[in-house]
Amino acid sequence: MTSTLMEKSARLLSDDDLDTYKKQYWKDGYTVLRGLYTPAETESYRREVERLFHLDGLDDDLNLRTEFRRGPDGRYAFDRLDPVLDISPGMTDAAKHPALLGALRTILDGSPEVLKCKLIRKEPGTNGYIPHQDFLYWRWLDESPDKLCTAVINLYPSDARNGGLGFYRGTHHALLPGPASDPQADCDPTALDAASIDMPALEPGDVLVFHSLAVHFSGRNAGEVPRTVLLPSYCATDDSGLYRKYYQREVVRRCKEMVGFERYFERNAAI
Ligand SMILES: O=C(O)CCC(=O)C(=O)O
């Protein structure tokens, strides 16, 4: 057996571990698959991320696959590639790794198909994401929230300090309304129980899996190095056309709502 095959088979989780992870997922709305990827795999994914973030044209204001956030200096900084699988065999390997798909099959009780996948690289000083439920944005798919989840494939140490993800435990049972002024918006943070917040610290090679209704958020990266995670989302389904369905709609939405093109208008205000 080659060392690669040995490493891959070594990461397949035992039935006991899977049972524990599955119970935690359905109790809290998320779970952490510890050490799913080997150090060698994680290192090769890191090299792939470096290659991806140095591709020509990513910084073009009108590049459809890049989105921007306000960086440390208040200016727009691009922080994610979405989609990413079509330009990266390495990220495809990570998102479709047999050990991950096997774990998701058990947790979701069905065959996981990739719905979407983005690569987030949060530079030091860059802000995070307010509390939200992914399912709010996926209602149009007409799938049960229990079939939809996201995996956070963690490539560097991640915790509260460098902008890691936080969860409100046990919020995965219902879609929560926005504030009284806008009930259709992201859930009202003042209605959430701060005592239920958990921010799991992650090591490279860990994979955090969370339910589409789990309320989550992330803070500013106050660390010294970028926080880099691959975020594939999955649906337990027999429909292999879901990925195409998702991005066909998403490309049109971004153009209509001009998502990601903010900097273009700021730079060209004088034209
Ligand atoms: O990784 C992060 O900082 C937040 C990502 C997130 O909340 C999301 O993509 O839904």
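Residues numbered from 1 in each chain as written. Predicted model: local features only at pLDDT ≥ 70, side-chain atom pairs only at ≥ 80, totals over all residues.

Under an unreviewed UniProt entry, the name given to the protein is Phytanoyl-CoA dioxygenase family protein, and the source organism is Streptomyces liangshanensis.

1. Digging into the overall build of the protein
Helix and strand counts for the protein come out as seven helices and eleven strands. Referenced to the eigenvectors of the C-alpha coordinate spread, the extents of the protein come out at roughly 60 × 45 × 40 Å. Counting only residues that meet the buried cut, the protein has 33% of its 271 residues in that class. In the protein, 84% of the contacts between residues at least 6 apart in sequence involve partners at least 24 apart. (Helix = DSSP H or I, 4+ residues; strand = E, 2+ residues; numbered from the N terminus. Buried ≥ 20, exposed ≤ 12 C-beta atoms within 10 Å, placed from the backbone. Contact = placed C-beta atoms within 7 Å.)

2. Considerations on the pairing of strand β11 (residues 227-236)
Counting buried positions along β11 gives nine out of ten residues, so the element sits mostly inside the fold. The sheet contact formed by strand β4 (residues 112-122) and β11 spans ten bridges and is antiparallel. Bridge pairing in β11 places isoleucine 120 opposite valine 229. (Pairing = 2+ DSSP bridges.)

3. Notes on the packing of helix α2 (residues 15-28) against helix α5 (residues 98-108)
Look at α2 against α5: their axes get within 9 Å of each other, and the N-to-C directions meet at 55°. When the axis of α2 is compared with that of α5, the two are oblique. At the point where α2 passes α5, the crossing takes the right-handed sense. Across from Leu18, Tyr21, Lys22 and Tyr25 in α2, the residues of α5 making contact are Ala103, Thr106 and Ile107. Taken together, the residues of the contact of α2 with α5 sort by class into five nonpolar, one polar and one charged. (Axes fitted to C-alpha atoms, helices over the stretch in contact; angles between N-to-C directions. Parallel < 35°, antiparallel > 145°, perpendicular 65-115°, else oblique. Left-handed = near helix turned anticlockwise from the far one by under 90°. Nonpolar A, V, L, I, M, F, W, Y, C, P; charged D, E, K, R; others polar.)

4. Considerations on the site of the ligand
Around the ligand, a shell composed of Ile120, Lys122, Gly128, Tyr129, Asp134, Gly163, Leu165, His216, Ser218, Val229 and Leu231 is seen. When residues of the shell around the ligand are traced back to their parent elements, those giving at least two are β4, β10 (216-218) and β11. Residue composition of the shell around the ligand, grouped by class: five nonpolar, four polar and two charged. (Near = placed C-beta within 6 Å.)

5. Side note on the sheet that holds strand β5 (residues 129-132)
Within the open sheet, the four strands sit side by side as β5-β10-β7-β8. Their pairing is antiparallel. Whereas interior strands pair on both sides, the edge strands pair on one side only; in this sheet they are β5 and β8 (197-198). Note that β5 and β10 share two bridges and pair antiparallel. Note that in β10 the partner of histidine 132 across the bridge is histidine 216.

6. Remarks on the environment of asparagine 268
When you line up the elements, asparagine 268 lands in the segment after α7 (262-267). With 58 residues separating them along the chain, asparagine 268 and phenylalanine 210 place their C-alpha atoms 40 Å apart.

7. Observations regarding the environment of glutamate 203
Within the secondary structure, glutamate 203 sits in the loop between β8 and β9 (207-211). Separated by 49 residues in the primary sequence, glutamate 203 and asparagine 154 have C-alpha atoms spaced 6.9 Å apart.

8. Here's the deal with the nonpolar core
Within the largest apolar cluster, 50 residues are counted, with the highest numbers of intra-cluster contacts made by Val152, Ile153, Val207, Leu208, Val209 and Leu230. Those residues in contact with leucine 230 that sit more than four places away from it in its chain are Met91, Ala94, Ala95, Cys117, Leu119 and Ile153. (Core = buried A, V, L, I, M, F, W, Y, C linked by C-beta atoms within 7 Å.)

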